[in-house]
Structure formats: C-alpha cells, structure tokens
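This is what each chain is made of:
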Amino acid sequence: VGAICLFVAACAAAPGYRPASSSSDMGYSERKLSGNRYEVTFTGAVNTALAEVRRSLMRRITEVTLAQGYSHFVIFTSRSEAEVYQPPDTDFTRSDHGLGKGYVRDIGGRYSTSAGWPLAEYRPGDPTPKARYIASAEIILLKGADAMRNPDAVSARMILDRDVTTPAGGAS
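Residues numbered from 1 in each chain as written. Predicted model: local features only at pLDDT ≥ 70, side-chain atom pairs only at ≥ 80, totals over all residues. Heavy atoms only, no water.

Engineer: I tried to follow the overall build of the protein chain on my own but got confused; where do I start?
Structural biologist: Assigned secondary structure in the protein chain consists of four helices and eight strands. Taken across its 172 residues, the protein chain has 40% of its residues classed as buried. Considering only intrachain contacts with a sequence separation of at least 6, the fraction spanning at least 24 residues in the protein chain is 69%. When the accessible surface of the protein chain is summed, it comes to about 9,100 Å², and 52% of that surface belongs to carbon and sulfur atoms. (Helix = DSSP H or I, 4+ residues; strand = E, 2+ residues; numbered from the N terminus. Buried < 20%, exposed > 50% of the residue type's maximum accessible area, 1.4 Å probe, protein only. Contact = heavy atoms within 4.5 Å. Areas by Shrake-Rupley, 256 points an atom, 1.4 Å probe, with all protein chains shown as cover.)

Engineer: Before we go on, may I ask you to explain the pattern of salt bridges in this structure?
Structural biologist: Side-chain pairs of opposite charge can arise whenever the charged atoms involved come near each other. Within the structure shown, the criterion is met by eleven salt bridges. Here E39 and R31 are joined by a salt bridge, their closest N and O atoms 3.0 Å apart. For E39, the salt bridge identified is with R79, shortest N-O distance 3.9 Å. Of this pair, E39 sits in strand β2 (residues 37-43) while R79 is found in strand β3 (residues 72-85), placing the two residues 40 residues apart along the sequence. Judged by its relative accessible area of 19%, E39 falls in the buried class. Since its relative accessible area comes to 48%, R79 is described here as partly exposed. (Salt bridge = Lys/Arg side-chain N within 4 Å of Asp/Glu carboxyl O.)

Engineer: Could you clarify how one ought to interpret the confidence of the model for the protein chain in this entry?
Structural biologist: The predicted coordinates of low-pLDDT regions are not to be read in fine detail. When pLDDT is averaged along the protein chain, the result is 76, and 62% of the positions lie at 70 or above. Note on residues 1-12: pLDDT under 50 across the span, and 29 contacts to partners over four residues away in sequence or across chains. (pLDDT = per-residue confidence, 0-100.)

Engineer: Honestly, the packing of aromatic side chains in this entry has me stumped. Any pointers?
Structural biologist: Here a ring pair, both rings aromatic, is described through the centre-centre distance and the interplanar angle of the planes. For the coordinates displayed, the defined rule picks out two aromatic pairs. Where Y17 meets F42, the ring centres are 6.0 Å apart and the plane angle is 20°; that geometry is what we call stacked. Taken together, the residues span a long stretch of sequence, with Y17 in the loop between α1 (2-8) and β1 (27-34) and F42 in strand β2 at a distance of 25 residues. Just as Y17 is buried, F42 falls in that class too. Within the aromatic cluster, the residues linked to one another by ring pairs are Y17, Y28 and F42. Over the aromatic face of F76 sits the side chain of R37, whose NZ or CZ is 4.4 Å from the ring centroid. The ring of Y70 carries K143 above its face, with NZ or CZ at 5.0 Å from the centroid. (Phe/Tyr/Trp six-rings, centres within 6.5 Å; stacked < 30°, edge-to-face > 60°. Lys NZ or Arg CZ within 6 Å of the ring centre and 35° of its normal.)

Engineer: Got a minute to help me understand helix α2 (residues 50-67) in this structure?
Structural biologist: Since there are 3.6 residues in each turn of an α-helix, residues three or four apart along the chain are aligned in direction. The terminal C-alpha atoms of α2 lie 26 Å apart, and with 18 residues this matches the ideal 26 Å at 1.5 Å per residue to within 8%. For α2, every residue scored as buried is listed here: V53, S56, L57, M58, R59, R60, I61, T62, E63, V64 and T65. (Expected span 1.5 Å × (residues − 1).)

Engineer: Would you explain the nonpolar core in this entry?
Structural biologist: The tendency in soluble globular proteins is for nonpolar side chains to be buried side by side. Judged by nonpolar contacts, the single largest core of 19 residues is most densely connected at V40, L57, I61, F73, I75 and I139. Every element with two or more residues in this core is listed here: β2, α2, β3, β7 (130-142) and α4 (156-163). Apart from the residues within four sequence positions on either side, V40 is in contact with S29, E30, L57, R60, I61, V64, A135, S136, A137 and I139. (Core = buried A, V, L, I, M, F, W, Y, C linked by side-chain atoms within 4.5 Å.)

Engineer: Which parts of the structure should I look at to understand the sheet that holds β3?
Structural biologist: Strands belonging to one sheet form pairs held by backbone hydrogen bonds; the direction of such a pair is parallel or antiparallel. Spatial strand order, β1-β2-β7-β3-β8: five strands in an open sheet with antiparallel pairing. A strand with exactly one partner marks an edge of an open sheet, and here the two such strands are β1 and β8 (154-155). Sheet topology places β3 next to β7; 13 bridges connect them, and they run antiparallel. Within the sheet, the bridge partner assigned to Y85 lies in β7 and is K130. (Pairing = 2+ DSSP bridges.)

Engineer: Please clarify how the pairing of β1 should be interpreted in this entry.
Structural biologist: For a regular strand, side-chain orientation follows a simple rule: the groups alternate between the two sheet faces. Bridge count between β1 and β2: seven bridges; the pairing is antiparallel. Each bridged residue has a counterpart across the sheet, and for Y28 the counterpart in β2 is F42. Taken together, β1 and the strand that follows it, β2, pair antiparallel across an intervening segment of two residues, in which G35 is found at a positive phi of about 35°.

Laid out in structure tokens, this is it:
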C-alpha cells in the first residue's frame with residue numbers, strides 16, 4: 001500500500017511519455033510475465049524528477065490494466081533507479097583533448113556520449129552531473145470478485161479519470 005501512495009499523488013505525464021523504442025530510450029515499456037502479471041517500466045528524460053517518472057509509470061500501469069480488460073491492479077513489487085552521468089570537466093568534443101577524445105559527440109549542437117546516452121543539457125566544459133530515473137513495477141491485474149476481495153487492489157479507471165491529464169501536444 002505504501003508503494004501505491006508514492007505513485008498515486010498525481011498522474012500527469014512526464015516529458016517523453018511515449019513508447020520506448022529500445023531498452024535504453026526514454027518512455028514506457030511493458031512485458032507480460034505470465035497470465036495476469038506484467039512488468040511495466042518508465043524511463044524518464046535527462047533531469048526529469050523522480051516523482052514525475054513515478055507518475056508516468058502509474059499512468060502506464062493504469063493503461064495496461066484497462067487495455068488488457070481488467071479493472072484493478074496490485075503492485076506486487078516496485079523499484080526506482082538512477083543513471084548518473086558525470087560529464088568530464090573539459091570539453092571532450094574537441095579533437096585536441098587526447099585521452100577522452102570522442103567520449104562526448106556533438107551532433108549538430110546536440111550532444112550524446114559515445115555509447116549513445118543522450119545529454120540533453122550538456123554544455124562543453126560543464127561538469128554538472130546529469131541524471132535520469134527509471135521506475136518499474138511488477139503488477140497483478142484483477143477484475144470482478146478477485147478485485148473486490150483484494151484489499152490492495154486499486155481501480156485503474158478511478159486513477160486514470162482523476163489524475164491523468166493529456167500531455168501537451170499529444171493524445172491521452
């Protein structure tokens with residue numbers, strides 16, 4: 001129940017609320033574990049607050065629940081993690097900087113690490129750490145009598161109707 005309280009505060013979508021195109025991309029993904037059990041994940045954009053990432057995860061949980069024909073869900077487990085990138089304290093986009101050369105790439109004024117990790121707010125020579133959060137939950141989907149008997153069951157429709165807003169420029 002405590003984990004649900006963290007998620008239910010509000011469900012406005014974070015920037016980047018869309019399907020993730022890969023496991024390292026921002027956005028949501030889900031996979032069916034068995035029967036009525038799913039793992040749902042939301043990866044936030046660089047420097048999106050953890051609370052926003054958790055709200056987006058909750059939004060996706062409600063959408064998955066309803067799309068699969070269920071009315072309620074229970075969060076069986078949940079976790080959050082941070083990926084922190086500490087930029088070098090020198091401009092490694094310059095070819096004359098030797099050892100770290102090529103670590104950060106300038107792609108038309110947009111920067112990414114050589115591994116492709118996006119640095120939306122990277123500025124050459126700026127040593128400010130960048131972080132992105134990933135929140136995931138294993139959920140159990142319920143409906144009918146099973147939902148009514150489970151005291152931890154949360155109504156997906158109630159949360160979606162009460163807390164989700166349409167993201168700017170997109171449909172819900």
